Amino acid sequence: MNNNILEVKELNISLQDDTSIVRNINFNVKTNRILGIIGESGSGKTMISKSIMRLLNTKKFHITGQVLFDGQDIYNISRKDMGKIRGRKLSLILQNPMTAFDPMSKIGSQLIETLRVHFNITKKEAYHKAIGTLRKMNIGREEEIMDNYPFTLSGGMLQRIMIALTIMLESRLIIADEVTTAIDAFNKTKILEEFKKLKGRGITMMVITHDFRVISALADDIIVLKKGEIIESGNTYDIFNNPKHGYTRKLIEATNLIETTNLIGELA
Ligand SMILES: Nc1ncnc2c1ncn2[C@@H]1O[C@H](COP(=O)(O)OP(=O)(O)OP(=O)(O)O)[C@@H](O)[C@H]1O
């Protein structure tokens, strides 16, 4: 049985003037596993995640290769069918959560509306589903949060609500792109804890980051990306303990350095 929820085959992305962005990208995401994609800024991580969601403007970018989601070739289905998959079975959580919410509408209405687009349920049922998930995640002040506008909440809190939404939607694959980068330490810890809990329950995820600490806390397998190419891949333990590539070693060392600096800061 094929237990890959996602298969990316020979993915190449370039600009229309032939400037290459990513080359020969091949990887699979297995059901109930977390794949980490790590690489420096500009290595092509976001381009890969957006191309999987079919969110890149094809007038600007030339994309070749195949992306199979649950066995279905998503580059060969209609926009309408892609719309049904995106946001329900396949979710992308981006670095800046503010852009994911409508600033003019309260959090509760947005969650209820999204749930009702994808499930045949009443407003009341959607409300209970939403608030139940927020409670399970220990968000705190859940009723109040449902009644708030996005701008009144911190980026970290909005990020946690986005994660809650993917849980409500029962997404088959969650792509988390630098979700812990631009948020406060408290919510970063909460998000990592939540992902760890979900991992225990068998979530399937792609975690994209430049931070080895996030990867080592969550990922089962890793892909290392450098300047648009995969330079190393394997299971997290092996890569962390025995990196083959100098670039991977540098990324790991940079993480240790940051940790040592933080420790010195705490001791000072
Ligand atoms: N809209 C765009 N037009 C042209 N080139 C782009 C565009 N967006 C990204 N690129 C180029 O594609 C390459 C990969 O960018 P990408 O955003 O995927 O990197 P990344 O690894 O996600 O970096 P970061 O961690 O900073 O988000 C970069 O060299 C960038 O210059």
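Note that the structure is predicted; figures quoted are calculated from it, not measured.

Novice: Please provide a residue-by-residue account of the sheet that holds strand β6 (residues 90-93), values included.
Specialist: The sheet built from 6 strands is open, its strands ordered β6-β7-β8-β3-β9-β10 with mixed pairing. Strands at the two margins of the open sheet, each flanked by one partner only, are β6 and β10 (229-235). On average, each strand axis in the sheet is tilted by 15° relative to the strand beside it, whichever way the strands run. Relative to strand β9 (residues 221-226), strand β3 (residues 34-38) runs parallel, the two being bridged by 4 bridges. Considered in β9, the bridge of Leu35 is made with Asp221.

Novice: I'd like to hear about the environment of Ile175, residue by residue, with values.
Specialist: Position of Ile175 among the secondary structure elements: in strand β7 (residues 173-177). Among the residues examined, Ile175 registers a relative accessible area of 0% and is labelled buried. In this structure, the C-alpha to C-alpha distance between Ile175 and Phe101, residues 74 residues apart in sequence, is 17 Å. Among residues more than four places away in sequence, those in contact with Ile175 are Ser49, Ile52, Met53, Leu90, Ser91, Leu92, Ile93, Met206 and Ile208.

Novice: Can you explain helix α6 (residues 155-168)? Please cite residues and give values.
Specialist: Given a rise of 1.5 Å per residue, 14 residues ought to cover 20 Å, and the 20 Å separating the end C-alpha atoms of α6 matches this to within 8%. Here α6 lies mainly inside the structure; 12 of its 14 residues are buried. Taken residue by residue, α6 has Gly156, Met157, Leu158, Gln159, Arg160, Ile161, Met162, Ile163, Ala164, Leu165, Thr166 and Met168 as its buried positions. Taken together, the buried residues of α6 touch β6, α3 (107-118), α4 (123-136), α5 (142-146), β7 and α7 (185-200). Directly after α6, the chain includes Glu170, whose backbone phi takes a positive value near 55°.

Novice: Go over the packing of α6 against α7 with me, naming the residues and quoting the values.
Specialist: At a minimum axis separation of 9 Å, α6 and α7 run at an interaxial angle of 15°. On the basis of their axis angle, the class for α6 and α7 is roughly parallel. Judged by the sense of rotation from one axis to the other, the crossing of α6 with α7 is left-handed. Contacts between α6 and α7 involve Gly156, Met157, Gln159, Arg160, Ile163 and Ile167 from the former and Phe186, Asn187, Lys190, Ile191, Glu194, Phe195 and Leu198 from the latter.

Novice: Quick one: what's the story with the UniProt feature "domain: ABC transporter" (unreviewed entry) in the protein, residue by residue and with numbers?
Specialist: Following the UniProt record, the feature "domain: ABC transporter" (unreviewed entry) maps to residues 6-252 here. Within residues 6-252, the helical portion is 39% and the strand portion 26%, while the C-alpha atoms at the span's ends are 27 Å from each other.

Novice: Let's hear about the site of the ligand: which residues, and what values?
Specialist: With respect to spatial proximity, 13 residues lie near the ligand, and among them Ser41, Gly42, Lys45, Thr46 and Met47 are the closest. With respect to the ligand, the backbone of Gly44 contributes an N or O atom lying 3.0 Å from an oxygen atom. The side chain of Lys45 places a nitrogen or oxygen atom 2.9 Å from an oxygen atom of the ligand. Here the ligand, which alone exposes 630 Å², has 62% of that area covered by the protein. At 3 residues, helix α1 (residues 45-52) tops the list of elements feeding residues into the shell around the ligand.

Novice: Let's hear about the side chain of Asn148: which residues, and what values?
Specialist: Assignment of secondary structure puts Asn148 in the loop between α5 and α6. Exposure remark for Asn148: the relative accessible area of 17% places this residue in the buried category. Residue contacts for Asn148: discarding those within four places in its chain leaves Lys106, Ile107 and Leu153.

Novice: Quick rundown of the pattern of salt bridges? Include the residues and the values.
Specialist: Between side chains of opposite charge, a pair can form as their charged atoms come close. Counted by the stated rule, this structure contains 15 salt bridges. Residue Asp70 is joined to Arg172 by a salt bridge in which the shortest nitrogen-to-oxygen separation is 2.8 Å. One end of the pair, Asp70, is in the loop between β4 (61-69) and β5 (72-73); the other, Arg172, is in the loop between α6 and β7, and 102 residues separate them in sequence. The partly exposed category is assigned to Asp70, whose relative accessible area is 41%. Taking relative accessible area as the criterion, Arg172 reaches 37% and is therefore assigned partly exposed. Between Asp81 and Lys84 there is a salt bridge; the shortest N-O distance is 3.8 Å. With a gap of 3 residues between them, Asp81 and Lys84 both fall in helix α2 (residues 79-85), about one helical turn apart. Three or more residues joined by partner-sharing salt bridges are found here, namely Lys188, Asp211 and Arg213.

Novice: Help me get a handle on the packing of α4 against α6, residues and values and all.
Specialist: Closest axis-to-axis distance for the α4/α6 pair is 10 Å, and the angle between their directions is 120°. Overall, the two elements α4 and α6 adopt an arrangement that is oblique. Relative to α6, the crossing made by α4 is right-handed. Counting all contacts with α4, which are made through Lys129, Ala130, Thr133 and Leu134, the residues of α6 involved are Ala164, Ile167 and Met168. A class-by-class count of the residues in the contact of α4 with α6 yields 5 nonpolar, 1 polar and 1 charged.

Conventions and cut-offs
Along each chain, numbering runs from 1 in the same order as the chain's sequence is written. In keeping with the predicted nature of the model, local features appear solely for residues at pLDDT of at least 70, side-chain atom pairs appear and are counted solely at 80 or more, and the whole-chain, interface and lining totals rest on all residues. Excluded from the side-chain calculations are hydrogens and water; all other atoms, namely the structure's heavy atoms, are used. Pairing between strands is defined by DSSP: at least two bridges between the two strands are required. Secondary structure elements follow DSSP: runs of H or I of four or more residues count as helices, runs of E of two or more count as strands, with numbering from the N terminus. To define axes, lines are fitted to C-alpha atoms, for helices over the stretch in contact only, and angles between the resulting N-to-C directions are given on a 0 to 180 degree scale. In this scheme, a residue with accessible area under 20% of its type's maximum is buried, one over 50% is exposed, and one in between is partly exposed, where area comes from a 1.4 Å probe on protein chains only. Whether two residues are in contact is decided by their heavy atoms: any pair within 4.5 Å suffices. In this scheme, a helix's expected span is set at 1.5 Å multiplied by one less than its residue total. Any angle from 65 to 115 degrees is called roughly perpendicular, while one under 35 is roughly parallel, one over 145 is roughly antiparallel, and all others are oblique. By convention, the crossing between two helices is left-handed when the near helix turns anticlockwise from the far helix through less than a right angle, and right-handed when the turn is clockwise. UniProt positions are given in the numbering used here, feature names are shortened, and annotations may be inferred rather than shown by experiment. Here a residue is considered near a molecule or strand provided that any single heavy atom belonging to it is located within 4 Å of it. By the criterion applied in these results, polar contacts are pairs of N or O atoms within 3.5 Å in which, for protein atoms, one can donate a hydrogen and the other can accept it, and in which residues neighboring in sequence qualify only through two side-chain atoms. Residue exposure ignores everything except the shown protein chains as possible cover, and the areas themselves are Shrake-Rupley values with a 1.4 Å probe. Whenever a carboxyl oxygen of Asp or Glu lies within 4 Å of a side-chain nitrogen of Lys or Arg, that contact is scored as a salt bridge. Charged means Asp, Glu, Lys or Arg here, nonpolar means Ala, Val, Leu, Ile, Met, Phe, Trp, Tyr, Cys or Pro, and polar covers whatever is left, Gly included.

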